[in-house]
Number of protein chains: 4
Amino acid sequence: MKLAFNTWVYSSFPVWVPAYPLEEVIRRLAHIGYDGIEIGAAAPHAYPDYLTPTRRTEIRSILDDAGLALASMLPAPGGGAGFNAASANPLERAAAVDQYRKVADLCAEWGGKTLLYVAGWQVFGTSRRDAWKWSVDSLVDVAEHADELGLNVAVEPTSADSNLVDSCDDVMTMMAEVGRANVKAMFDTYHTLYRNEVATDYVYRLKEDLAHIHLADIDRNPPGSGVVDYVSLIESLRDIEFDGYLTMEIGFSRRNVEPDDMARRAYDYMKSIL
Amino acid sequence: MKLAFNTWVYSSFPVWVPAYPLEEVIRRLAHIGYDGIEIGAAAPHAYPDYLTPTRRTEIRSILDDAGLALASMLPAPGGGAGFNAASANPLERAAAVDQYRKVADLCAEWGGKTLLYVAGWQVFGTSRRDAWKWSVDSLVDVAEHADELGLNVAVEPTSADSNLVDSCDDVMTMMAEVGRANVKAMFDTYHTLYRNEVATDYVYRLKEDLAHIHLADIDRNPPGSGVVDYVSLIESLRDIEFDGYLTMEIGFSRRNVEPDDMARRAYDYMKSIL
Amino acid sequence: MKLAFNTWVYSSFPVWVPAYPLEEVIRRLAHIGYDGIEIGAAAPHAYPDYLTPTRRTEIRSILDDAGLALASMLPAPGGGAGFNAASANPLERAAAVDQYRKVADLCAEWGGKTLLYVAGWQVFGTSRRDAWKWSVDSLVDVAEHADELGLNVAVEPTSADSNLVDSCDDVMTMMAEVGRANVKAMFDTYHTLYRNEVATDYVYRLKEDLAHIHLADIDRNPPGSGVVDYVSLIESLRDIEFDGYLTMEIGFSRRNVEPDDMARRAYDYMKSIL
Amino acid sequence: MKLAFNTWVYSSFPVWVPAYPLEEVIRRLAHIGYDGIEIGAAAPHAYPDYLTPTRRTEIRSILDDAGLALASMLPAPGGGAGFNAASANPLERAAAVDQYRKVADLCAEWGGKTLLYVAGWQVFGTSRRDAWKWSVDSLVDVAEHADELGLNVAVEPTSADSNLVDSCDDVMTMMAEVGRANVKAMFDTYHTLYRNEVATDYVYRLKEDLAHIHLADIDRNPPGSGVVDYVSLIESLRDIEFDGYLTMEIGFSRRNVEPDDMARRAYDYMKSIL
């Protein structure tokens, strides 16, 4: 199992500061010891529209020089643009799909293999049936483009933030409806905690369809500082011979954090139990 | 003095849900008794790229029918797109200015007179001097466009979130440097509280340059539920004969709120002391 | 890196008691293991006007006998006298500069090399521009006198208490405007915490201009008892090969503390991570 | 009974900001409705060394124009200078007495009749007997000078901050030892609360020697917001036909206050029970 770190806490999403240039983040994470990085498509790091071809090449070199693999990428959901793949507004859905495609392109160019997919959410006045259908349609488009680039798409239940794909069954149902080989599943311990679910249930139910994992504890604090049982989780992952990334997605929900501290504490704790 | 309510808590910014269609929000705020609405340019309400000409006309009619004035508009800062007017990346700055222009167009079309301006923030590695200069340049562009539409631009110090225009002096300095008649100032009691500043100091220092006010208490709770002294504030505003909007910008930072409750409690408290 | 302890908690500033004679403080800090002492110019320790030539010589001997180096000195700001180097009142500014000069004299006589400079604060009715200019003028005078004595002046951002030099950029700008080789920078983790800033950002931005550091946690509690990340801080200081003092400035804001306990807990924790 | 307000919360003592010019404070307190003002000798208001003859005349005019009486004056204790009238250091005692004389001069010039006296405090290594004797000597000097100016001196027990004159008996003993007709007593409900004393006991024991009163509640909050029983206090004061000032000494111990709010809430509450 490899350890990766998600970049939100170093970016301007969702809190504006502290924020660091992407090269700075890459070097720091490599220095701490991480195997991989999960790059969120937010300013000032990797919002696709703000990256020139030169900059894209440069980032690839910095990753290679630092010996840090690109574990995965994802768009930033919920900012003004929404990128709600389940929106009742066809212009918003199209913009969401378009953003996923651009992020997939970036991911492939930087050597990644996994694109995360957040299924979106219901706005008051929209039925779950409609929102679900629109999200499935969006996912089909995203998955097709990802396939051409050799990427898997990992669908993430996000119960703490959304109201559409919130459980293990939701993600299994969506995978089945889409029916494409490159559509997989993932889960996040912050969200399983929110629903009082058992994390190892996801592991044993998803098995070979489990492509990615987010680790975070209460209040998006680092593993080891809260209540989640990471020892049982690791044991179950060994049982199913999981070989993906354990990615820390922590610290980003508030301003008063020291990102390096988050990254180091999470790394040290996970290394101590692996 | 008129009372208005900001739409974030009813939108998908920054938390995804609960979210309501804009027509629903307009009707509810008018029903509670508000004089005006401050519309943030976020999905699913008013992200400019998602609004067809038909929809724009429709929203204008709904506002008119409800008897609710458009108090002001503003972009959603900090989501993946950043819209950081002080970014070191010229593509991001250009996108920010472009978004401000689009929001200004919407504002004028819907009968508003005030566009809010958030000056942006410094990313690690950028000096304050450079960030400041870029933000001034962006503001000049925005103000020129706003002027053509007959709008004022109100610059907001945002100390709790940013690190560039954080104080009364910062906004006064920026106004002076830009030197345009339609560039004014505003402040938000949530941010003055964050800096432990005295809200009436802003009133007495800004006087006729004070174009707009945001009200919020600790944790973005409604006026009357926390520690801010609204009585002194109202008295000072009467002293300077302020005739703009007192706009509640509350409740949006977390999922577990009932937006109508926020809107009603804020309205009732402010009416009781006016 | 060397450890030092600031004397406020043992003095009558700002709370009157508990207070101890300076010789007592020197012996206790040496006994705990500190390398250095930061002496604040407050009664009953080192208010310059209350020290006879005999007493000055005596303190120097006590320091030497105890093997405790004088890490730094500073005036007591904000008491009735203000010593506000940015005051609109020329008599107050002159008194502030005069006090800094007297403290510099003491510092040199007792073998110190570093004088701290607090830039002052704006009073209502004074613009930031004017306050800044006055503070720069005061600093030029202080720095010139310090230079003659072979001292560096370390300018400290004090966001929790002031409203003038509050950030890393502020101190960098002031250094640049003054443009004297002996004017350096410092920071205090209590103040960076107040602004929700990242302490290592100061380290990497200031580099060789970083001359001194204050350590304190929430409520001026000792390092290790709160939330500040001292491990990342130490690592960043090693990166830039910092060789100044880490000075605990703690416990002085309230009466109900045991100064030796503050000093010992801070020492033990910092030693454990160094 | 007349209501007055102490200026600390509007000054740079002990917290540096918010701070306002003295003319601003005078006008605001008169506007709220106060009969009198207690001016502390702190920057930027009334530190004697910073006041030119012109400024002194100007302040007198502003007081007269506003119709606000000078209730009383006092030095700022505990800042770097100490002004500890009980100090073991003869230079510090002399400086304290000198400061009291200067403040007495100001008080007389501005039409006041009452000078407050804080007896000082014991430093570790000084016996209570010595500290007491030194404080009595200092008080004799101060009282003599005050007498020439037609002023009373009100000695204040300050248990929450000091360790010398802490109780009703302490102040009665000191009055008796000094034995001068213009040396009177006062008390502060914040300090009686600290010692769990009954405020009306002071009233009935001191009777005609009671020359002044400070009102404050827990954490130096305004009367009416805490636990002190002001109704009984007022009743006892009527019993003894007290005709001095009830002076609010509140809000000054922390930065995050709105001084006008403090002044208005205290005034409104006291008016409601008088």
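Refer to the structure printed above.
Residues numbered from 1 in each chain as written. Chains lettered and ligands numbered in written order. Predicted model: local features only at pLDDT ≥ 70, side-chain atom pairs only at ≥ 80, totals over all residues. Heavy atoms only, no water.

Draft legend 1. A look at the overall build of chain A. Within chain A, the secondary structure is distributed over nine helices and eight strands. Against the 2.2 N^0.38 benchmark of 19 Å for 274 residues, chain A shows a C-alpha radius of gyration of 17 Å, consistent with a compact globule. Taken along its principal axes, the extent of the C-alpha atoms in chain A is 45 × 45 × 35 Å. For chain A, with 274 residues in total, the buried portion stands at 63%. Long-range contacts, defined as pairs at least 24 residues apart, comprise 80% of the intrachain contacts of chain A with a sequence gap of at least 6. (Helix = DSSP H or I, 4+ residues; strand = E, 2+ residues; numbered from the N terminus. Rg over C-alpha atoms; globule rule 2.2 N^0.38 Å. Buried < 20%, exposed > 50% of the residue type's maximum accessible area, 1.4 Å probe, protein only. Contact = heavy atoms within 4.5 Å.)

Draft legend 2. Highlighting the interface of chain A and chain C. Tallying the contact residues gives twelve residues for chain A and ten residues for chain C. Considering only the surface of chain A that becomes buried against chain C, Arg255, Glu258 and Arg264 of chain A emerge as the three largest contributors, covering 46% of it. Our count for the chain A to chain C interface comes out at one salt bridge. Glu235 of chain C is paired through a salt bridge with Arg264 of chain A; the nearest N and O atoms lie 3.4 Å apart. Our count for the contact surface shared by chain A and chain C stands at five residue pairs in polar contact (both at pLDDT 80 or more). Looking at the side of chain A that touches chain C, its residues break down into four nonpolar, two polar and six charged. (Buried area = accessible area lost by both parts, 1.4 Å probe. Salt bridge = Lys/Arg side-chain N within 4 Å of Asp/Glu carboxyl O. Polar contact = N/O pair within 3.5 Å; in protein donor to acceptor, adjacent residues only side chain to side chain. Nonpolar A, V, L, I, M, F, W, Y, C, P; charged D, E, K, R; others polar.)

Draft legend 3. Structural view of the relation of the copies chain B and chain A. Of the two same-sequence chains, chain B is brought onto chain A (RMSD 0.1 Å, axial shift 0.0 Å) by a rotation of 180°. Such values leave the two copies arranged in the relation of a two-fold axis. In terms of C-alpha distance to the rotation axis, chain B has Gly79 of chain B as its closest residue, with the C-alpha 2.0 Å off the axis. Of the interface residues in chain B, 100% have counterparts in chain A that sit at the interface too, so the contact is made through matching surfaces. (Least-squares fit on C-alpha atoms with pLDDT ≥ 70 in both.)

Draft legend 4. Quick peek at the interface of chain B and chain A. Counting from both sides, the interface comprises 44 residues of chain B and, opposite them, 44 residues of chain A. Summed over both partners, the interface of chain B with chain A comes to about 3,200 Å²; 63% of that surface belongs to carbon and sulfur atoms. Among the residues of chain B in contact with chain A, Trp16, Tyr50 and Phe124 of chain B are the three that bury the most area, contributing 26% of the side total. Applying the counting rule to chain B against chain A returns zero salt bridges.

Draft legend 5. Region of the structure containing the nonpolar core. Counting 191 residues, the largest nonpolar core has Phe5, Tyr34, Ile37 and Trp110 of chain A together with Phe5, Tyr34 and Trp110 of chain C as its most contacted members. Excluding anything up to four places from it in sequence, Tyr34 of chain A contacts Leu3, Ala4, Phe5, Leu29, Leu68, Met248, Ala263, Ala266 and Tyr267 of chain A. Within the second largest apolar cluster, 188 residues are counted, among which are Ile26 of chain B together with Leu3, Leu237 and Met262 of chain D. (Core = buried A, V, L, I, M, F, W, Y, C linked by side-chain atoms within 4.5 Å.)

Draft legend 6. Fine view of helix H5 (residues 168-178) of chain B. Listed as buried for H5 of chain B are Cys168, Asp169, Asp170, Val171, Met174, Met175 and Val178 of chain B. Here the buried face of H5 of chain B lies against helix H4 (128-148), strand S5 (152-156), strand S6 (183-188) and helix H7 (199-206) of chain B together with helix H4 (128-148) of chain C. Count one or two residues on from H5 of chain B and you reach Gly179 of chain B, which has phi positive near 60°.

Draft legend 7. Local environment of the pairing of strand S4 (residues 114-118) of chain A. Residue and element names in this part refer to chain A. Judged by how many residues are buried, S4 sits mostly within the fold: five of five residues are covered. Both faces of S4 are covered, namely the face carrying Thr114, Leu116 and Val118 and the face carrying Leu115 and Tyr117. This β-α-β element, S4 to helix H4 (residues 128-148) to strand S5 (residues 152-156), shows right-handed connectivity. (Right-handed = clockwise from strand over helix to strand, strands pointing away.)

Draft legend 8. Focus on helix H7 (residues 199-206) of chain A. All names here are of chain A. When H7 is considered as a whole, its buried residues turn out to be Ala199, Thr200, Tyr202, Val203 and Leu206. Seen along its axis, H7 keeps its buried residues to an arc of 150°; they face one direction. Where H7 is buried, its residues meet helix H5 (168-178), strand S6 (183-188), helix H6 (189-194), strand S7 (210-215) and helix H8 (230-239). Backbone geometry just downstream of H7 places Lys207 in the positive-phi region, at approximately 40°. (Arc of directions from axis to C-beta.)

Draft legend 9. Region of interest: unusual backbone geometry. Between Val17 of chain C and Pro18 of chain C the backbone carries a cis peptide bond, its omega angle lying at 0°. Here Pro18 of chain C lies in the loop between strand S1 (2-6) and helix H1 (22-32). Positioned with a positive phi, Asp219 of chain B is a non-glycine residue whose angle comes to about 60°.

Draft legend 10. Spatial organisation of the packing of H4 of chain A against H5 of chain A. Residue and element names in this part refer to chain A. Relative orientation of the contacting elements H4 and H5 amounts to 55°, with a least axis distance of 10 Å. Here H4 is positioned oblique relative to H5, judged by the angle of their axes. The two elements H4 and H5 meet at a crossing, and its hand is right-handed. Of H5, the residues touching H4 (which contributes Arg128, Trp132, Ser135, Val136, Leu139 and Val140) are Asp170, Thr173, Met174, Glu177 and Val178. The class makeup of the residues in the contact of H4 with H5 is six nonpolar, two polar and three charged. (Axes fitted to C-alpha atoms, helices over the stretch in contact; angles between N-to-C directions. Parallel < 35°, antiparallel > 145°, perpendicular 65-115°, else oblique. Left-handed = near helix turned anticlockwise from the far one by under 90°.)

Draft legend 11. Representation of the pattern of salt bridges in the model. Per the stated rule, a full pass over the model turns up 75 salt bridges over all chains. Arg220 of chain A is paired through a salt bridge with Glu249 of chain A; the nearest N and O atoms lie 3.5 Å apart. In this pair, Arg220 of chain A is assigned in the loop between S7 and H8 and Glu249 of chain A in the loop between strand S8 (245-248) and helix H9 (259-273), connecting sequence segments 29 residues apart. For Arg220 of chain A, a relative accessible area of 3% translates into the label buried. A salt bridge links Asp147 of chain C to Arg180 of chain C, with the nearest nitrogen and oxygen atoms 3.5 Å apart. In this pair, Asp147 of chain C sits in helix H4 while Arg180 of chain C sits in the loop between helix H5 (168-178) and strand S6 (183-188), placing the two residues 33 residues apart along the sequence.

Draft legend 12. View of the packing of aromatic side chains. Applying the stated rule across the entire model yields 44 aromatic pairs over all chains. Residues Tyr20 of chain C and Phe124 of chain D carry aromatic rings whose centres are separated by 5.1 Å and whose planes lie at 35° to one another, so their mutual orientation is tilted. Within this pair, whereas Tyr20 of chain C is found in the loop between S1 and H1, its partner Phe124 of chain D is found in the loop between strand S4 (114-118) and helix H4 (128-148), the two belonging to separate chains. When the ring of Tyr100 of chain D is compared with that of Tyr117 of chain D, the centres are 5.1 Å apart and the planes differ by 45°; the resulting orientation is tilted. Of this pair, Tyr100 of chain D sits in helix H3 (residues 90-109) while Tyr117 of chain D is found in strand S4, placing the two residues 17 residues apart along the sequence. One exposure class covers both Tyr100 of chain D and Tyr117 of chain D, and it is buried. Site record: aromatic cluster; members linked through ring pairs are Phe5, Tyr10, Tyr20, Tyr34 and Tyr267 of chain A together with Phe124 of chain B. The ring of Phe124 of chain B has Arg28 of chain A sitting right over it, with the charged end atom 5.3 Å from the ring centre. (Phe/Tyr/Trp six-rings, centres within 6.5 Å; stacked < 30°, edge-to-face > 60°. Lys NZ or Arg CZ within 6 Å of the ring centre and 35° of its normal.)

Draft legend 13. Just the side chain of Arg264 of chain D, in detail. Its place among the elements puts Arg264 of chain D in helix H9 (residues 259-273). In contact with Arg264 of chain D, not counting residues within four places along its chain, are Val231, Ser232 and Glu235 of chain B together with Ile32 of chain D.

Draft legend 14. Here's a closer look at the environment of Glu23 of chain B. Residues and elements named next belong to chain B. Its location among the elements puts Glu23 in helix H1 (residues 22-32). Owing to a relative accessible area of 19%, Glu23 belongs among the buried residues under this scheme. For Glu23 and Ile62, which are 39 residues apart along the polypeptide, the C-alpha to C-alpha distance reads 6.7 Å. Apart from the residues lying within four places of it in its own chain, the contact partners of Glu23 are Arg55, Ile59 and Ile62.

Draft legend 15. Region of interest: the environment of Val155 of chain C. Residues and elements named next belong to chain C. Within the fold, Val155 resides in strand S5 (residues 152-156). When the C-alpha atoms of Val155 and Ser135 are compared, they prove to be 11 Å apart, with 20 residues separating the residues in sequence. Among residues more than four places away in sequence, those in contact with Val155 are Tyr117, Leu139, Val165, Val171, Met174, Val183, Lys184, Ala185 and Met186.

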